[in-house]
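# A structural walkthrough
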Amino acid sequence: MPDASALEEFGLEVEHENHALVTNSGSSASSKNNNHQFASFSNKKRTISPSKEQRSLLESTNVKYTKLRMNATQRPGVLKWSFLVIIVAVIIVFFNIGQEEIIDEAITAEDTEAKKLNDKTYHLLRPKAKDQEDVVASVVVDDKREKKQEQEVVVELNHEQKDNNESLTQTQSAAVDDSIDISETEENEEETATAEDTTEVEEASDETLHQSAPDVDEQEMSQEEPAASSVVQSSPADEDEQKMSQDNDDGSFTIERLKATREAAQNLLSMLEQYYNGVEQSKNMMLDSWLVPWNFDKQTNETEKIDTDKIVMKDKIVDTMARALVTNDQKEFIIGTIGSSVAAGHDNCNFDSYERQMERTFGPVWEAAGMKLVCENAGEGGGCGDDFANQVFCIKQNVSPNIDIAHYTWTYFEVGNEHALEARESLVRWAQMLPRQPPVHVFNTFELPGKPHLPADTDAGGSLMEYTLARYYAKYGYNAFYMRSGYAKGGYDYTTAFKENEVNHFEANHVGDGYHTVTRYGENEEDPNRKSSLGVLMRNWHPGPLAFQFVADTFSYLYAKAMLEALDRIEDEMNNGKDPLDTWSANKRKIMLKTSLPEPKVCDPLYCTVDEAPGCINYERPTYGWWGAKVEDPNDNFNPHKGEVQNWEPWLDGQEKDLWHGVPKQDQAFFEDRDDKEVCRHLDGCGAISATSKDNGSVVFRLPKQEVGLVVLCGCCGKDIATEMFLNNPDIEIRYNSQLLDPTTWDIWPNGKCVRLLKKFGAASAAAATTGHNYLSVKVQNITEPV
């Protein structure tokens, strides 16, 4: 029986195989190439039992998408990294060895600005292929240095940057199109940046970033709804912007705007409560299906026991709403999601993912406030080999560092993994070091740990430590929503339906959830296939549009409740003659230090008790935030390897060119001839920085200031590639500030695709560390030309 992470990774392969069958390409693949089996995984602690349809699929299909996962034994000749992470003391870099299929032109010429540097063509942030060779390096311009040395925008977050970049959103949907992750917890020695860093931050203004980075709207999909025949009810983006611009130009939160926002929030709550059969059932389904149930009711009985955890948890989310509303220069409320293909919305149109549905459901409330709701979806499929263990390090690059709320949906990969809660706790703590100190909210498709209600749900386990962590970090707004518990708490008798009628609502492609048979925006859909698709609860292990609607409704209901309470508190201030800015403006938010947080419960204090959140340079897609490190200019005077050959090049897997990647067949048929078919496109894909031969020399990374000294390197693409790619690979040479690192001191960490080069400052191998910028170089030794 495959475990959850195997199913998740298998999902990407099924998506590609499905598309191959639909397009009549690749259907003749010989079974002799299908060398990856999924038939015998097991986990005694927590298992997931696939439905009959899933078991049939697993038995009949074992195609391996070899383009994404190869090793040196299969095809020697290429060295690839997908990810370099830097967490204020940590660096993680992802490599991949193996001959990769060359990708055609990734983007059009008009999408890039070509720059000449050392007779080599570079492009700003978005890579472009050249002459059927490896993809040309994505290079960001560093304007601080000499103009002719335009290679990279250096963005290193510090306290000063927090105020300068409050409006940063969606900066790099494809800037991280290839996959190096340097995870390093940046140093917080002082609140004022050094002169060099300050200059870089000032130059990397929002305007500069938006000019150099690809347009997220172009990369993702149009935020406008499909045409009327698809029965989506939402105003176009340009009308939204026009409406907001007609409000007060100075952005001040007036009593008129307060009333309009309250009316919009009340209308949303009324609509949802009617849709879910009343106030009580709505609260049961959407507020009580969390680790710690939310309570927005006024205490009426003085003898009633007060749950202080619930109070402080609610106060955190209310405070988050209030600060966003009254801060004059904040124009967007940003919810950033990191997670697996569940977050990405695979096996659905992107349009039907919960993030896109939430923008349409909760967005009008923010429009009434003169703002825009932005949901950044950094979800990715399992084919790249990532999971929660390495991805949490990249919270401020995968999504904007200026997120207001963080969503986490790596829960499939947590099944049976004893380190899962370590990563979650680390994320909760690191999030409080971001400028807006966002609460972390988890979305889990299963039931609350230890509280099964659904007869066909075999995964109601989970660790009871989850409840402990939720209350321990209630002050910071941390909580987790369990989708199937929400359905069970609504009152529908799933047990009778299953035992007497043999109806399992959660089996693959079942239409209807016991309460509704189609999404609200599908109720008047005329096309029967599209309407049926919009009524699917679970595609397989991925939710369908109907389940995603419930998830979007749950978050919208909670946040609208919090917004109403925030509005009441703001109005009280106004009625008392006080300026709400004196209480809730962004610059009044108390600075969080590592000493501000309680002692960690399960995470390693060396890495999770730091003054700055991790920062990454990540070439996987999509990303929206800051690069934590940069590929150094080969001719820069500070480059310790100046004069040496440095010609590594980023690589893309090509998924960004496939409109129908991860989209089910019935939705392809509906949208294929429509002008709005781009709403289906998924954004995720694998990438790497690579060397195809020894002639590529080395790649040198300039790291931001480090606090802990952790350096980790990760490979692309696959889950257990680090041993062969790094530990047992004689063909790479890795140096830290020119000092050769000893491979015998490395270990596999934090998952099978990564290797930890340096654990912390003070280690013998880190003797060359400095208090300023450090440099990591990787050199190809004896790789021959690709064959």
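Rules behind the numbers
Residues numbered from 1 in each chain as written. Predicted model: local features only at pLDDT ≥ 70, side-chain atom pairs only at ≥ 80, totals over all residues. Heavy atoms only, no water. Core = buried A, V, L, I, M, F, W, Y, C linked by side-chain atoms within 4.5 Å. Buried < 20%, exposed > 50% of the residue type's maximum accessible area, 1.4 Å probe, protein only. Helix = DSSP H or I, 4+ residues; strand = E, 2+ residues; numbered from the N terminus. Contact = heavy atoms within 4.5 Å. Salt bridge = Lys/Arg side-chain N within 4 Å of Asp/Glu carboxyl O. Phe/Tyr/Trp six-rings, centres within 6.5 Å; stacked < 30°, edge-to-face > 60°. Lys NZ or Arg CZ within 6 Å of the ring centre and 35° of its normal. Pairing = 2+ DSSP bridges. Axes fitted to C-alpha atoms, helices over the stretch in contact; angles between N-to-C directions. pLDDT = per-residue confidence, 0-100. Parallel < 35°, antiparallel > 145°, perpendicular 65-115°, else oblique. Left-handed = near helix turned anticlockwise from the far one by under 90°. Nonpolar A, V, L, I, M, F, W, Y, C, P; charged D, E, K, R; others polar.

### Remarks on the nonpolar core
Grouped together as the largest cluster of nonpolar side chains are 120 residues, with contacts concentrated most on Met321, Phe362, Trp366 and Tyr487. Examining the composition of this core, we find that 16 residues originate from one element, helix α21 (residues 545-575), more than from any other. Among all residues touching Phe362, those that are not within four sequence positions of it are Leu268, Leu373, Ser556, Tyr559, Ala560 and Met563. Formed by 28 residues, the second largest nonpolar core is a distinct cluster that contains Val631, Ala722, Met725 and Leu758.

### Some points on unusual backbone geometry
In this model, Cys716 is joined to Cys717 through a cis peptide bond whose omega is 10°. Within the fold, Cys717 resides in the loop between β18 (711-715) and α25 (722-727). Going from Trp749 to Pro750, the amide bond is cis rather than trans, its omega being 0°. Within the secondary structure, Pro750 is located in the loop between β21 (747-748) and β22 (754-758). Not every positive phi belongs to a glycine, and Asn737 is a case in point at roughly 50°. Considering the arrangement of structural elements, one finds Asn737 in the loop between β19 (732-736) and β20 (739-740). With phi around 75°, Ser738 is a residue other than glycine that occupies positive phi space. Topologically, Ser738 is positioned in the loop between β19 and β20. On the basis of relative accessibility, which here comes to 34%, the residue Ser738 falls in the partly exposed class.

### Quick look at the pattern of salt bridges
Going through the model one piece at a time under the given rule, you end up with 26 salt bridges. Where Arg621 meets Asp653, a salt bridge forms, and the shortest distance between an N and an O atom there is 3.0 Å. Of the two residues, Arg621 is situated in the loop between β13 (614-618) and β14 (630-631) and Asp653 in the loop between β15 (649-652) and α24 (665-671); the sequence distance between them amounts to 32 residues. We note that Arg621, like Asp653, is buried. Look at the salt bridges and you will find they share partners, linking Lys314, Asp315, Glu565 and Arg569 into a network.

### Thoughts on the packing of aromatic side chains
Tallied over the full model, the rule gives 33 aromatic pairs. For the pair Trp290 and Phe555, a centre-to-centre distance of 5.8 Å together with 80° between the ring planes defines the contact as edge-to-face. Note that Trp290 is positioned in the loop between α9 (279-286) and α10 (308-326) and Phe555 in helix α21, a separation of 265 residues in sequence. For the pair formed by Trp290 and Phe555, the shared burial category is buried. Cation over ring: Arg360 sits above Phe351, and NZ or CZ is 3.7 Å from the ring centre. Above the plane of the ring of Tyr472 lies Lys601, whose end atom (NZ or CZ) is 4.7 Å from the centre.

### Section: the sheet that holds strand β8 (residues 332-339)
Think of a sheet as strands paired side by side through backbone hydrogen bonds, with each pair either parallel or antiparallel. If you walk across this open sheet you meet the five strands as β9-β8-β10-β11-β12, and the pairing is parallel. Every other strand in the sheet has two partners, leaving β9 (372-377) and β12 (479-482) as the edge strands with one partner each. Between one strand and the next, the sheet's axes are offset by a mean angle of 20°, whatever the strand orientation. Note: strand β10 (residues 405-409) against strand β11 (residues 440-444), three bridges, orientation parallel.

### Focus: the sheet that holds β14
Taken together, the five strands give an open sheet; going across it, the order is β14-β17-β23-β19-β20, and neighbouring strands pair in antiparallel fashion. The sheet is open, and its two borders are formed by β14 and β20, each paired with just one other strand.

### Some words on the confidence of the model for the chain
Of all residues in the chain, 64% attain a pLDDT of 70 or more, and the chain-wide mean is 75. This stretch, residues 1-77, has a pLDDT under 50; its non-local contacts, to residues over four places away or in other chains, come to 145 contacts. Across residues 85-248, where pLDDT falls below 50, the model places 581 contacts with residues more than four positions away in sequence or in other chains.

### Looking at the packing of helix α12 (residues 354-368) against α21
It is at 8 Å that the axes of α12 and α21 come closest, and there the two elements cross at 30°. Regarding the angle of α12 to α21, the classification is roughly parallel. Where α12 crosses over α21, the handedness of that crossing is right-handed. Seen from α12, the contacting residues are Tyr354, Gln357, Met358, Thr361, Phe362, Val365 and Trp366; seen from α21, they are Pro545, Phe548, Gln549, Val551, Ala552, Asp553, Phe555, Ser556, Tyr559, Ala560 and Met563. Of the residues that constitute the contact of α12 with α21, the class distribution is 13 nonpolar, four polar and one charged.

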